[in-house]
Amino acid sequence: MQALSMRYLLFIAGMGGLLYGIDVGIIAGALPYLESTASVAWKLSAQQLSFIVAAVLLGSVLSSLFAGAIADAIGRRWAMVLAGALFTVSIPLIALSDGYTPLLLGRLLQGISGGLIGVVVPLYLAECLRAEQRGRGAALFQLLLTIGLVAAAVIGLLQAQNVEGATQAAQALPETARAAAVFEAKDHAWRSIFWMCLAPGLVFTFGSALLAESPRWLVQRGRIEQARTALLRTRAAGEAASELRAMQAATGLPVHGAAAGAGEPTEGDIAAARGVVAGRGGASAIRPAGAGAAAMAADDRLLSRRYVLPFLLACLVLACTQATGINSVLAYVVNILNQAGLPGATANMADVGLKLLNAIMTVVAVLLVDRKGRKFLLMLGSGGIVIALLAAGLLFRSAESEQRDVSAIVAAQARGDTLSLRLDAKTLKALGAQGGSAATPQLLTVSFSYGPFTNVQTRRSDDPALAPMVLSREDTVQPDSVIGAFFRRLHLNPFADPAEGRDAPLKVEQAQIGALPSVTHGWQVTLAICLFVASFAVGPGVCVWLALSELMPTRIRSNGMSIALLVNQFVSTTIAAVFLPTVGRHGYAAMFFFWAGCTVVYFLAAAFLLPETKGKTLEEIEAHFAR
């Protein structure tokens, strides 16, 4: 019965990882079709598309602010139920959306759900599992997260094949009918991708309601008998009684009833459970009996070293994890591989392969994390990431250096403050590129602005729909938002003012055209990204959740994890939000080189700042920072 309860606990926690992976990965397969349809039907800019991608991460940031407080107020179990319910509600909101606002709100709900899951599930695992199981428990969360990414990629591949079939079937139609058929197939594809994610949300929501509450949370609320019952679901009676005594000692509660086999905890027991163990820190750790309460009160200050150092270290590890660019790579991988030279469905197949590799290497990490330790895996993984990012950056640099600046030619085709061009043979000839079916496909990227409002558009000459590139004020200058107007009244003005773009002329900031990279180049970039994904899975992918739950001292664990995850998601959201405009203006190589530089900092932090936590109880880890 105890083994069955433990398996069920791990299964539901793993389903939380699955939802988190779907949150991150589902947009990769949907984005190319969303970009092809929504940018036409809803006149979305590149910045708005970036916001749709980043909305999940922004939602995670928002929920991270309150996840710890929610988990403390209603308990870990009901916080998990809430997270699953929000994810479930987000699916129909997205799939049935008919404009930018409901789509953005649905993605925000998914992000809020993901933020809660990212805090509460690792917290629940850390508080429910034995010390020797904690590494594998967190690794299982990451393993199911990678399986979620695989599932999202497979869904994207199936829809990509459907779109390709519809595109081929429409070749015999007249141009207008062909474009309409391709548009309808792509619109149906991205909506179907989201609908297929509903089932795991329902499983996690109802499954979480059947879990036992965290025994540590119950002890903090003084519900000792319920905590004992929760422990007995996964532990033998003697082990449960011993752990319950330690939990009560850590909170300074007296031991009564069946758990009082060793009597009430002494002042030394309480101090030891709080991480200040006599003898560990030398003479300074041994306190006179009369000074015990005062010394403990001083140690309990939130700004004391034992709290601040592990908290800052956890924040640094989580920030560096996202600064590797992992979420942006996973979200934009199909776009990245398309730009690298792989055609549509091939890029989707490569995406599936990458997600499978991620899952396989996570299994390897599960086997290694409690043997080799967290520090070793973080150093190994971050070192491999640096090599992979540099390789991808150099490959993109070699392709992007062959592009030619055609800004003057493109700007000359503007009529007033509007520009419309189709990348057909005539336009290609005007831009100095060879057209025709036998010619190498060309890629045109145009960055433009109307005052403070900027946008980026790209077109490929081998696009079967060959949609025209239209630059217009109506599609670029967005109406003022409630948030923008509010901040503008405070004279903070973090958003572009529509009044400044209303009469500003069209300015072509940059226009680059060049041959689409070869398929061989695309596979070389794919190999570099494979190394990136494998290295991340072995190191940061598993260890980041352990760092989040293990480094935080007991007193600040829930709120500290919320703030650390907030830092994590803020970095991720910022990178995702600026990705499309940045690569449109400066190229993909610039982003890969930036991520490589951030990962060097990660390697140094893992090598010189991070303590090894393998095989240590949460109280022993806390004791390390109390010395």
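So, here is what we can say about the structure in this document. Since this is a predicted model, take the numbers as computed values, not measurements.

Time to look at the overall build of the protein. When you go through the protein residue by residue, the secondary structure sums to 26 helices and 6 strands. Looking at the protein residue by residue over its 627 residues, the buried ones come to 56%. Taking the intrachain contacts of the protein between residues at least 6 apart in sequence as the baseline, contacts between residues at least 24 apart amount to 79%. Accessible surface, the protein as shown: approximately 24,800 Å² in total, 65% of it carbon and sulfur.

Looking now at the packing of helix 3 (residues 76-95) against helix 7 (residues 198-208). Packed helix pairs are specified by the crossing angle of their axes together with the interaxial distance, meaning the distance between the axes. Orientation of helix 3 relative to helix 7, taken along the N-to-C sense of each, is 160°, at an axis distance of 8 Å. Considered as vectors, helix 3 and helix 7 are oriented roughly antiparallel to each other. Pair helix 3 / helix 7 crosses with left-handed handedness. Of the residues in helix 7, those in contact with R77, M80, V81, G84, A85, F87, T88 and I91 of helix 3 are L198, G201, L202, F204, T205 and S208. Here the contact of helix 3 with helix 7 is composed, by residue class, of 8 nonpolar, 5 polar and 1 charged.

This brings us to the pairing of strand 4 (residues 453-460). The pairing of strand 3 (residues 442-450) with strand 4 spans 8 bridges and is antiparallel. Across the sheet, the residue bridging to S447 is V456, located in strand 4. Adjacent in sequence and paired antiparallel, strand 3 and strand 4 are bridged by 2 residues, among which G451 carries a positive phi angle near 65°.

In a beta sheet, neighbouring strands are held together by backbone hydrogen bonds and run either parallel or antiparallel to one another. Read from one edge of the open sheet, 4 strands run 1-6-3-4, paired in antiparallel fashion. The open sheet has two edge strands with one neighbour each: strand 1 (404-405) and strand 4.

Time to look at helix 6 (residues 175-195). A turn of α-helix holds 3.6 residues, and therefore any two residues three or four places apart point the same way. Between its terminal C-alpha atoms helix 6 stretches 31 Å, which fits the 30 Å expected from 21 residues at 1.5 Å a residue. Buried within helix 6 are the following residues: R178, V182, A185, K186, A189, W190, R191, S192, I193 and F194.

In terms of nonpolar packing, the biggest core is built from 98 residues, with L337 and F579 touching the most fellow members. Not counting the four nearest positions on each side in its chain, L337 is found in contact with L342, A347, A350, D351, L354, G522, V525, T526 and I529.

What follows concerns the packing of aromatic side chains. Applying the stated rule across the entire model yields 5 aromatic pairs. Ring geometry for F396 and Y588: centres 5.1 Å apart, planes at 20°, overall stacked. Separated by 192 residues along the polypeptide, F396 in helix 16 (residues 374-400) and Y588 in helix 25 (residues 588-608) bring together distant segments of the chain. Summarising the burial analysis for this pair, F396 and Y588 share the class buried. Each ring, one from F396 and one from F592, has its centre 5.7 Å from the other, and the planes form 15°; the classification is stacked. Within this pair, whereas F396 is found in helix 16, its partner F592 is found in helix 25, the two being separated by 196 residues in sequence. Judged by its relative accessible area of 2%, F592 is buried. Grouping aromatic residues by their ring pairs yields a cluster made of F396, Y588, F592 and W595.

Of note, A209 is situated in the loop between helix 7 and helix 8 (215-220). A sequence separation of 130 residues divides A209 from A79, and the C-alpha atoms of the two residues are 9.7 Å apart. Discounting residues that sit within four places of it in the chain, A209 has contacts with R77 and V81.

This next bit is on the pattern of salt bridges. Taken as a whole and assessed by the stated rule, the structure comprises 3 salt bridges. The salt bridge involving D417 is made with R473; its shortest N-O contact spans 2.6 Å. One end of the pair, D417, is in the loop between helix 17 (407-412) and strand 2 (419-421); the other, R473, is in helix 19 (residues 473-476), and 56 residues separate them in sequence. Its relative accessible area of 27% is what places D417 among the partly exposed residues.

Attention now goes to the pairing of strand 6 (residues 506-515). In terms of burial, strand 6 is largely enclosed, as 7 of its 10 residues are buried. Bridge analysis of strand 1 against strand 6 gives 2 bridges, and the strand direction is antiparallel. Each bridged residue has a counterpart across the sheet, and for R404 the counterpart in strand 6 is I513.

Inspection of the secondary structure assignment puts E400 in helix 16. There is no salt bridge for the buried E400, and the closest opposite charge comes from R397, which lies 4.6 Å off by N-O distance. A distance of 2.7 Å separates a polar side-chain atom of E400 from the backbone nitrogen of Y588. Residues within four places of E400 in sequence aside, it is in contact with H586, G587, Y588 and A589.

Reading guide: rules and limits
- Residues numbered from 1 in each chain as written.
- Predicted model: local features only at pLDDT ≥ 70, side-chain atom pairs only at ≥ 80, totals over all residues.
- Heavy atoms only, no water.
- Helix = DSSP H or I, 4+ residues; strand = E, 2+ residues; numbered from the N terminus.
- Buried < 20%, exposed > 50% of the residue type's maximum accessible area, 1.4 Å probe, protein only.
- Contact = heavy atoms within 4.5 Å.
- Areas by Shrake-Rupley, 256 points an atom, 1.4 Å probe, with all protein chains shown as cover.
- Axes fitted to C-alpha atoms, helices over the stretch in contact; angles between N-to-C directions.
- Parallel < 35°, antiparallel > 145°, perpendicular 65-115°, else oblique.
- Left-handed = near helix turned anticlockwise from the far one by under 90°.
- Nonpolar A, V, L, I, M, F, W, Y, C, P; charged D, E, K, R; others polar.
- Pairing = 2+ DSSP bridges.
- Expected span 1.5 Å × (residues − 1).
- Core = buried A, V, L, I, M, F, W, Y, C linked by side-chain atoms within 4.5 Å.
- Phe/Tyr/Trp six-rings, centres within 6.5 Å; stacked < 30°, edge-to-face > 60°.
- Salt bridge = Lys/Arg side-chain N within 4 Å of Asp/Glu carboxyl O.
- Lys, Arg positive; Asp, Glu negative; His and termini not counted.
- Polar contact = N/O pair within 3.5 Å; in protein donor to acceptor, adjacent residues only side chain to side chain.

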